[in-house]
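# A closer look at the structure
In case you want the letters, here they are:
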Amino acid sequence: MQDRYGHRISYLRVSITDRCNERCSYCMPQELQEWLPRHEILTYEETLRLIRIAAELGVSKVRITGGEPLTRRGILDFVRPIPEIPRITSIGLSTNGTLLAREITPTKTMAEALRDAGVQSVNISLDTLDAAVYSQITGRDFLAQVLDGIDAAIAAGFDQIKLNAVLMRGRNEDQLLPLIEFAAERNLLVRFIELMPVSTTEVLNESNFMSVMAAKRSIQSAYGSLIPETEFRTNGPATYYQIPGRAQRIGFIGAMTNMHFCENCNKLRLTCDGKLRPCLGSYLEFDIMGPLRAGASDEELKQFFVNVVDRKPREHDFRNNYQPNRKMIAIGG
Ligand code: SAM
Ligand code: SF4
């Protein structure tokens, strides 16, 4: 699948729930805290069918997200068939990490079970190592569980583990170096992400926004000039740098300030309530659950995907007075 601007779609982000056990201020502001009823959520069978159809159209990478995907029951049974889908070569999961260390049998953690089910990489959100600040940001006192979750993910032996930290002035600007050191000690890849005006426009304001450039400046004042790693890429728009004198690599995701951010976009999003979104930062979304539940054939659903991709914008709209029409928790990041 290719859009009119030459974006080739190979990556589907699949949100399986809008529910979460945390309440991050930038994702779930107070006024948006209510869940969708169950029947409005795609069943696992429906979601798997759509992944299979997307794979037939060129998607090779799937990332499972939420809400918090590990709060939905039966996730392991959902994941297991995905590696069997022809052409799917990469399966990732985005999580807040709180439930990764949970023992689901006397000998197995959730992290190990996910690895066994076929998940190859996990992205774990961690904005701070300070327990009080963690509670302020997430509305929950779960830092210790997340740290246990990270240990469990390391022990499970995923191919890749990334830590994602959202940059917030006045909240975690003093945490950049501690997070880099934390990642270095565990040989993990940490990435710093600019706050985006999703969920409500108020989540981002002049006083809490911290640009990638400002974060880089602060990191460079401690470690010296970061060395660009132009050859290294993961699945998304992050740019990577090496810390001088170390093998450690860190990443930046500058959706707001990087003018080239959308150039190589390869993503399509499926929300838990069956909407295809061609772009995170555009109000455009298309209801595929309707035709799916009305009995559409695989060919008809394929055409639906193709039509959605055709509507993919050249770039996101975040810099142009973007009006959120859906909370982040119901898109999946
Ligand atoms: N619950 C999981 C988690 O927290 O990783 C997966 C879903 S969460 C919506 C996916 C990612 O979106 C997280 O890394 C989170 O920090 C990020 N996110 C949420 N709201 C954001 C915002 N307003 N700006 C930038 N990133 C945001
Ligand atoms: Fe939940 Fe993740 Fe959103 Fe935080 S960012 S509220 S953990 S879905």
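Here, every reference points to the structure presented above.
First, a word on scope: everything that follows refers to the structure included in this document. Predicted model only: the values in this text are computed from it and were never measured.

### Comments concerning the state of the cysteines
On inspection of all chains with the given rule, the structure shows zero disulfides. Cysteine Cys272 is unpaired, with the sulfur of Cys27 as its nearest cysteine sulfur at 12 Å. When its relative accessible area of 1% is taken as the criterion, Cys272 is described as buried.

### Some words on the site of ligand 1
In the vicinity of ligand 1 there are 19 residues, among which Tyr26, Gly67, Glu68, Ser125 and Met196 approach most closely. In this structure, a nitrogen atom belonging to ligand 1 sits 3.2 Å away from a side-chain N or O atom of Glu68. In the model, a nitrogen atom of ligand 1 is placed 2.9 Å from a nitrogen or oxygen of the Met196 main chain. Across the complex, the protein chains shield 93% of the 550 Å² of accessible surface that ligand 1 would expose by itself. Here the shell around ligand 1 is composed, by residue class, of eight nonpolar, nine polar and two charged.

### Points about the pairing of strand 11 (residues 249-253)
Among the five residues that make up strand 11, four are buried, leaving the element largely enclosed by the rest of the structure. Relative to strand 11, strand 8 (residues 189-194) is paired through four bridges, and the arrangement is parallel. Looking at strand 11, one finds that Phe192 is bridged to Phe252. Alignment of strand 10 (residues 239-242) against strand 11, held across four bridges, turns out to be antiparallel. Paired with Thr239 across the strands is Phe252, a residue of strand 11.

### As for the site of ligand 2
The local shell around ligand 2 holds seven residues, among which Cys20, Cys24, Cys27, Gly67 and Asn96 are the closest. Residues belonging to the shell around ligand 2 are distributed by class as follows: four nonpolar, two polar and one charged.

### Observations regarding the sheet that holds strand 7 (residues 160-167)
In space, the twelve strands of this open sheet follow the order 9-10-11-8-7-6-3-2-1-12-13-14, with mixed pairing throughout. Only two strands of the sheet have a single neighbouring strand rather than two, namely strand 9 (227-228) and strand 14 (286-287).

### Looking at the nonpolar core
Ile64, Phe192 and Phe305 are the most contacted members of the largest nonpolar core, which has 82 residues in total. It is helix 1 (residues 44-56) that contributes the most residues to this core, seven residues altogether. Residue contacts for Phe305: discarding those within four places in its chain leaves Met1, Leu50, Ile53, Ala54, Leu57, Leu268, Leu276 and Ile288. Counting residues in hydrophobic clusters, the runner-up holds 21 residues, among them Val133, Leu195, Val198 and Tyr240.

Cut-offs used in this document
Residues numbered from 1 in each chain as written. Chains lettered and ligands numbered in written order. Predicted model: local features only at pLDDT ≥ 70, side-chain atom pairs only at ≥ 80, totals over all residues. Heavy atoms only, no water. Disulfide = S-S within 2.5 Å. Buried < 20%, exposed > 50% of the residue type's maximum accessible area, 1.4 Å probe, protein only. Near = heavy atom within 4 Å. Polar contact = N/O pair within 3.5 Å; in protein donor to acceptor, adjacent residues only side chain to side chain. Areas by Shrake-Rupley, 256 points an atom, 1.4 Å probe, with all protein chains shown as cover. Nonpolar A, V, L, I, M, F, W, Y, C, P; charged D, E, K, R; others polar. Helix = DSSP H or I, 4+ residues; strand = E, 2+ residues; numbered from the N terminus. Pairing = 2+ DSSP bridges. Core = buried A, V, L, I, M, F, W, Y, C linked by side-chain atoms within 4.5 Å. Contact = heavy atoms within 4.5 Å.

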